[in-house]
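# Chains, contacts and geometry: an overview
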Amino acid sequence: MERGMMEEQHQMLSKRKLRVCVATCNRADYSKLAPIMFGIKAHPESFEMEVVVLGSHLIDDYGNTFRMIEQDDFDVGSKLHTIVRGEDEAAMVESVGLALVKLPDVLQRLCPDILVVHGDRFDALALATAAALMNIRILHLEGGEVSGTIDDSIRHAISKLAHYHACCTRSAEQHLISMCEDHSRILMAGCPSYDKLLSPRKNNHMDTIHSWLGDSVQENQYIVALQHPVTTDIQNSIKIYSLMLDALTSFNKKTLILFPNIDAGSKEMVRVMRKKGIEQHPNFRAVKHVPFDQFIQLVAHAGCMIGNSSCGVREAGAFGTPVINLGSRQTGRETGENVLHVRDADTHNKIYHALELQFGKRYPCSKIYGDGNAVPRILKFLRNIKLDEPLQKSFCFPPVKGAFFQDIDHILETQSALAVDLGGTNLRIAIVCMRGKIVRKYCKPNPKTYESRIQLILSMCNDAIRDAVRLNCRILGVGVSTGGRVNPQEGVILHSTKLIQEWSSVDLRTPLSNELHLPVWLDNDGNCAALAEKKFGHGQGVENFVTIITGTGIGGGIVQHHELVHGSTFCAGELGHIMVSLDGPECMCGSHGCIEAYASGMALQREAKRLHDEDLLKVEGLEVKKVEAVGAAHLISAARLGNSRAQAVLKTASTALGVGVVNMLHMVNPSLVILSGVLASHYQSPVQDIISQRALVSSQGIKVVTSDLEEPALLGAASMVLDYSTRRIS
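Labelled according to an unreviewed UniProt entry, the protein chain appears under the name Bifunctional UDP-N-acetylglucosamine 2-epimerase/N-acetylmannosamine kinase, originating from Merluccius polli. Its UniProt record, at the heading Pathway (unreviewed entry), says of the protein chain: "Amino-sugar metabolism; N-acetylneuraminate biosynthesis." What UniProt records for the protein chain under Subcellular location (unreviewed entry) is the sentence "Cytoplasm, Cytosol".

Turning our attention to the overall build of the protein chain. Within the protein chain one finds 25 helices and 26 strands. In terms of overall dimensions, the protein chain is more spread out than a globule: its C-alpha atoms have a radius of gyration of 38 Å, far above the 27 Å expected for 730 residues. Dimensions along the principal axes, computed over C-alpha positions, put the protein chain at roughly 120 × 55 × 45 Å. The buried share of the protein chain, taken over its 730 residues, is 55%. For the protein chain, contacts bridging at least 24 residues in sequence account for 67% of all contacts bridging at least 6. The average position of the 75 basic charges and that of the 79 acidic charges among the side chains of the protein chain differ by 2 Å.

For the rest of this paragraph, the subject is the UniProt feature "active site" (unreviewed entry) in the protein chain. In this numbering, the UniProt entry assigns the feature "active site" (unreviewed entry) to Asp 525. Here Asp 525 is to be found in helix H19 (residues 525-536). Apart from residues lying up to four places away in sequence, Asp 525 is in contact with Ser 481, Thr 482, Gly 483 and Ile 549.

Now for the packing of helix H22 (residues 632-640) against helix H23 (residues 644-668). Interaxial distance between H22 and H23 falls to 7 Å at its minimum, and their mutual angle equals 115°. Crossing geometry of H22 relative to H23 is assigned as left-handed. Along its contact with H22, which presents Leu 635, Ile 636, Ala 638 and Ala 639, the element H23 presents Ala 646, Gln 647, Val 649 and Leu 650.

It is a general feature of regular strands that their side chains alternate between the two faces of the sheet. Taken across its nine residues, strand E17 (residues 474-482) has eight buried, putting it largely inside the fold. Pairing of strand E14 (residues 415-422) with E17 involves seven bridges; the strand directions are parallel. Its bridge partner lying in E17, Val 420 is registered against Val 480.

Attention shifts here to the UniProt feature "binding site: Zn(2+)" (unreviewed entry) in the protein chain. Under the present numbering, the feature "binding site: Zn(2+)" (unreviewed entry) in UniProt falls on His 577, Cys 587, Cys 589 and Cys 594. The greatest C-alpha distance among the annotated residues, which extend across 18 residues, is 8.8 Å, indicating that they converge on a single site. Here, the largest pocket is lined by His 577 and Cys 589 out of the annotated residues. Summarising the element assignment, Cys 589 is placed in the loop between strand E24 (563-564) and helix H20 (595-599). Setting aside residues no more than four positions away along its own chain, Cys 589 makes contact with His 577 and Cys 594. Structurally, Cys 594 is set in the loop between E24 and H20. Beyond its immediate stretch of four places on either side in the chain, Cys 594 contacts Gly 576, His 577, Ile 578, Met 579, Cys 587 and Cys 589.

Attention now goes to the nonpolar core. Ranked by internal contacts, the top residues of the largest apolar core, which has 62 residues, are Met 244, Ile 257, Ile 306 and Leu 355. In terms of residues, this core owes the most to one element, helix H10 (residues 234-251), which gives 10 residues. The contact partners of Leu 355, leaving out residues within four places of it in the chain, are Ile 223, Ala 247, Leu 248, Phe 251, Cys 304, Ile 306 and Ile 324. Within the second largest apolar cluster, 40 residues are counted, among which are Leu 622, Leu 635, Ala 653 and Tyr 683.

This part covers the side chain of His 163. Note on placement: His 163 falls in the loop between helix H6 (149-161) and strand E6 (164-167). Reaching out from His 163, the side chain makes a polar contact with the backbone oxygen of Leu 391 at a distance of 3.4 Å.

Moving on, we get to the sheet that holds strand E15 (residues 426-433). Pairing in this open sheet of five strands is mixed, and the strands run E16-E15-E14-E17-E21 from one edge to the other. The open sheet terminates on both sides in strands that have one partner only, identified here as strand E16 (438-445) and strand E21 (520-524). The average angle at which neighbouring strand axes cross in this sheet is 20°, direction not considered. With five bridges connecting them, E17 and E21 associate as parallel partners. Following the sheet pairing, Val 478 is matched in E21 by Val 520. Against the sheet, helix H17 (residues 450-470) makes contact with E14, E15, E16 and E17, and its axis sits at roughly 155° relative to E16, the strand it touches most. In the packing of helix H18 (residues 509-516) onto the sheet, contacts are made with E17 and E21, and the angle to E21 comes to roughly 150°.

Pairing of strand E9 (residues 254-258) with strand E10 (residues 284-287), which is carried by four bridges, proceeds in the parallel orientation. What sits directly across from Thr 255, in E10, is Phe 284. Following the chain from E9 across helix H11 (residues 266-275) to the adjacent parallel E10, one finds a crossover that is right-handed.

This part covers unusual backbone geometry. Its identity as a non-glycine residue notwithstanding, His 517 has a phi of 55°, on the positive side. Take His 517: it is sitting in the loop between H18 and E21. Classification of His 517 as exposed rests on a relative accessible area of 68%. With a phi close to 55°, His 561 is a non-glycine residue in the positive phi region.

A separate point is empty space enclosed by the protein. Going through the model one piece at a time under the given rule, you end up with six cavities of 30 Å³ or more. If you go around the largest cavity, you meet 39 residues; those closest to its centre are Asn 26, Arg 27, Ala 28, Asp 29 and His 228. Considering each element in turn, the lining of the largest cavity owes the most residues, five residues, to helix H2 (residues 27-41). One number sums up the size of the second largest cavity: a volume of about 60 Å³.

On to H23, then. Compared with an ideal rise of 1.5 Å per residue, which puts 25 residues at 36 Å, H23 spans 36 Å between its outermost C-alpha atoms and is within 8% of the ideal. N-cap assignment for H23: the residue whose side-chain oxygen lies 3.0 Å from the backbone N of Arg 645 is Asn 643.

What follows concerns the sheet that holds strand E1 (residues 18-24). With parallel pairing, seven strands are arranged side by side in an open sheet as E3-E2-E1-E4-E5-E6-E7. The two strands at the open ends of the sheet, each matched to only one other strand, are strand E3 (76-80) and strand E7 (186-188). For this sheet, the mean inter-axis angle between neighbouring strands, taken without regard to orientation, is 20°. Two elements, strand E5 (residues 137-141) and E6, share three bridges in a ladder whose sense is parallel. Looking across to E6, one finds that Leu 139 is bridged to Tyr 164. Where H2 meets the sheet, it contacts E1, strand E2 (47-54), strand E4 (114-118) and E5, and its direction lies at approximately 160° from that of E1.

How each quantity is defined
- Residues numbered from 1 in each chain as written.
- Predicted model: local features only at pLDDT ≥ 70, side-chain atom pairs only at ≥ 80, totals over all residues.
- Heavy atoms only, no water.
- UniProt positions renumbered as here; feature names shortened; annotations may be inferred.
- Helix = DSSP H or I, 4+ residues; strand = E, 2+ residues; numbered from the N terminus.
- Rg over C-alpha atoms; globule rule 2.2 N^0.38 Å.
- Buried < 20%, exposed > 50% of the residue type's maximum accessible area, 1.4 Å probe, protein only.
- Contact = heavy atoms within 4.5 Å.
- Lys, Arg positive; Asp, Glu negative; His and termini not counted.
- Charge placed at Lys NZ, Arg CZ, Asp CG, Glu CD.
- Axes fitted to C-alpha atoms, helices over the stretch in contact; angles between N-to-C directions.
- Left-handed = near helix turned anticlockwise from the far one by under 90°.
- Pairing = 2+ DSSP bridges.
- 1 Å grid on protein atoms, 1.4 Å probe; cavity = no way out; pocket = protein on both sides within 12 Å on 5 of 7 lines; lining within 4 Å.
- Core = buried A, V, L, I, M, F, W, Y, C linked by side-chain atoms within 4.5 Å.
- Polar contact = N/O pair within 3.5 Å; in protein donor to acceptor, adjacent residues only side chain to side chain.
- Right-handed = clockwise from strand over helix to strand, strands pointing away.
- Points joined across faces, edges and corners; volume = space filled by probe spheres on them.
- Expected span 1.5 Å × (residues − 1).

Now the structure itself:
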């Protein structure tokens, strides 16, 4: 049944549209994201798309480039002003912080299935961090690449946060695998911008060249310059920028120069440019932004491109445009033969000489970064994402030879609790490991006096502790389950049941802790049964449930919001003493009509004895020996064999318990009822029927299950120790 529900849920998830949020931070990443956005928009049957714009897109000094997104006819769902001006290291950090403050509201409102984020910018790191912390799947574009500066660290950090990867080259794919990313979640797609670069283009490039550089400029006779600051070496990048401007001025060719990005150091670079009068120089056209389509045309037909933009080592190769890469910003990038590197320079002569070597050349077109089919691959990859798969990503770490490690199975088996169960007849003690396995159990008759009982508990506990050493079990503490009303905070038994004599107003924690030198916890047997289910049974992971013990008496425990409910005077969960009749049989508590007076083992034994004494328990197939005490088992056997009187007694008992459970459903509204004890299997079906007949409609679907635990009292006592240990260790 559970498997069928999972399959049905999977089918529902696979049928609905995938909600994709595309977040763009600047003009550069939009050039890579736009082809994917057009692809998603072209398939409304498969995708719902939301567009979030932030970062330098919204800054006038950088061209207000969000307008080109709107011009491409995309609906911008959210615009977040996240840039703190200053263009220094502190401003970058503050911008990340501002983005992290604003993004949660947007992502919570959009509730996407997946966030698509590109590259290695600090804005993208904020996006990935917010999405990861909000349990939103992330597809990272262009991860695994290597370059200089802080961008490398940011790119790899985003890759570790991302759940899926669309990379551009085989080397990048291998880098991601080396970073322990799951190979099955890596797509070798190619660069999305290449889909546009390698598609047939309109032959209007001369109009573009003339509009930006003047009517007299011809193709291959101008330079495109774009240099960004290197955030890990700002002073050196400013020096290289200044030398580049000097070399370009001396080279005396028409040059389109773009302003640097918003990274730390850009303000100083702009000052250098203005100090040299570049904006007024007749050979230069200084601009903040060029639309990507036109920019690519300008790069494709330039005599040379110079600077440290990734466009130079990536997109320019698709046209064979000669490139001069300056400084360390692109160190490690895969490049074609069209790229000439100038790593450092002390004068502009080296850069000038590189211009002489490169200007006007044409190189073979390079397809290192793509073949023009990235978008179809990425869309197919998105369609195949299974939303019912675990969100927590796993890493494929290589085996480490000779490393020291602790095996969790060893820890779970050896860290153990000493569990004590004080019943009306027997005193039982067990060594219980972290998994809930009872390693060893001890049982002796429960003495009738306080002194004898305490001495026996201590003696049996000491025997168990000695055995635990031999069994390689480390005892973390002692948990005690006992009948009656208990103050677990003080470790005091307030009132005992009539079955355990001299056991009221007893401080049990102090003598056990002093003698055994271990922490001690205690609670009543009903609450312990609930704790056992919470840690080891049907209650694992269930927020609200009720456990009912059906044994000699009727007891239980209530778990609400994953916590055991004790009540103001520690009598919450005394389910056996819920009254279901005003004039019913007398209960051991002194009242009349309690569930326990109808449905407990003692009540059934009383009725069985009455029928037997009246010679009404007889039925073919049932033999009661004269020396044998008549009990609940005989009553149940007689009912199964067709004895109508026995059947009537059991029906009354089942109805009383069922009505009590319905009252519990209406009071605390649990999502699950667990029946524990020797009578649980007999009562499960009748109680479920009573719920369906008598409960409010909203509660009729609540399930009643029988416990699978053989020793709920001992396991519950142990869980008080083991849960505390887990919290303390972690």
